[in-house]
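The residues making up each chain are set out below.
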Amino acid sequence: MMNADMDAVEAENQVELEEKTRLINQVLELQHTLEDLSARVDAVKEENLKLKSENQVLGQYIENLMSASSVFQTTDTKSKRKLNLRRNSEEEMELCP
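Residues numbered from 1 in each chain as written. Predicted model: local features only at pLDDT ≥ 70, side-chain atom pairs only at ≥ 80, totals over all residues. Heavy atoms only, no water.

A. Structural view of the overall build of the chain. Along the chain, the regular secondary structure elements total two helices and zero strands. By the burial criterion, 0% of the 97 residues in the chain qualify as buried. On the chain, roughly 9300 Å² of surface is accessible, and the fraction owed to carbon and sulfur atoms is 59%. (Helix = DSSP H or I, 4+ residues; strand = E, 2+ residues; numbered from the N terminus. Buried < 20%, exposed > 50% of the residue type's maximum accessible area, 1.4 Å probe, protein only. Areas by Shrake-Rupley, 256 points an atom, 1.4 Å probe, with all protein chains shown as cover.)

Listed below in structure tokens is the structure:
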């Protein structure tokens, strides 16, 4: 009987060891996935900042072109006010998270 009890304990220990090994492998896989996702988030943040900067440069460039061209010169102060209001609301949207 003692031999049967020892076999049962060994079998139980083997099952526990297999379960621990499975869980450790799963944790390691999840850690690698998290590292990959974190790296992707950092890359997207960096790209986002780059694109925002490019948009600001392009916006300034377009604004300079429009102010240099007589076609876009406007004497209507309401149009200028609308443009400033739109620009201010876009800036506020950029500041909001």
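B. Structural view of a negative patch on the surface. The grouping of Asp 42, Glu 46, Glu 47 and Glu 54 at the surface amounts to a negative patch. Inspection of the secondary structure puts Glu 47 in helix α1 (residues 2–68). Of the residues examined, Glu 47 reaches a relative accessible area of 39% and is grouped as partly exposed. (Patch = residues over 30% accessible without salt bridge, like charges linked within 9 Å, V, L, I, M, F, W, Y side chains within 5 Å. Salt bridge = Lys/Arg side-chain N within 4 Å of Asp/Glu carboxyl O. Lys, Arg positive; Asp, Glu negative; His and termini not counted. Charge placed at Lys NZ, Arg CZ, Asp CG, Glu CD.)

C. Fine view of the pattern of salt bridges. This structure, assessed with the given rule, holds one salt bridge. With a closest N to O distance of 2.8 Å, Arg 22 and Glu 19 form a salt bridge. Pair noted here: Arg 22 and Glu 19 are both in helix α1, with a separation of three residues, about one helical turn. The exposure class assigned to Arg 22 is partly exposed, which follows from its relative accessible area of 44%.

D. Highlighting a nonpolar patch on the surface. On the surface, Tyr 61, Ile 62, Leu 65, Met 66, Val 71 and Phe 72 cluster together to form a nonpolar patch covering roughly 620 Å² of accessible area. With respect to the helices and strands, Met 66 occurs in helix α1.

Distances and angles like these do not, on their own, reveal function.
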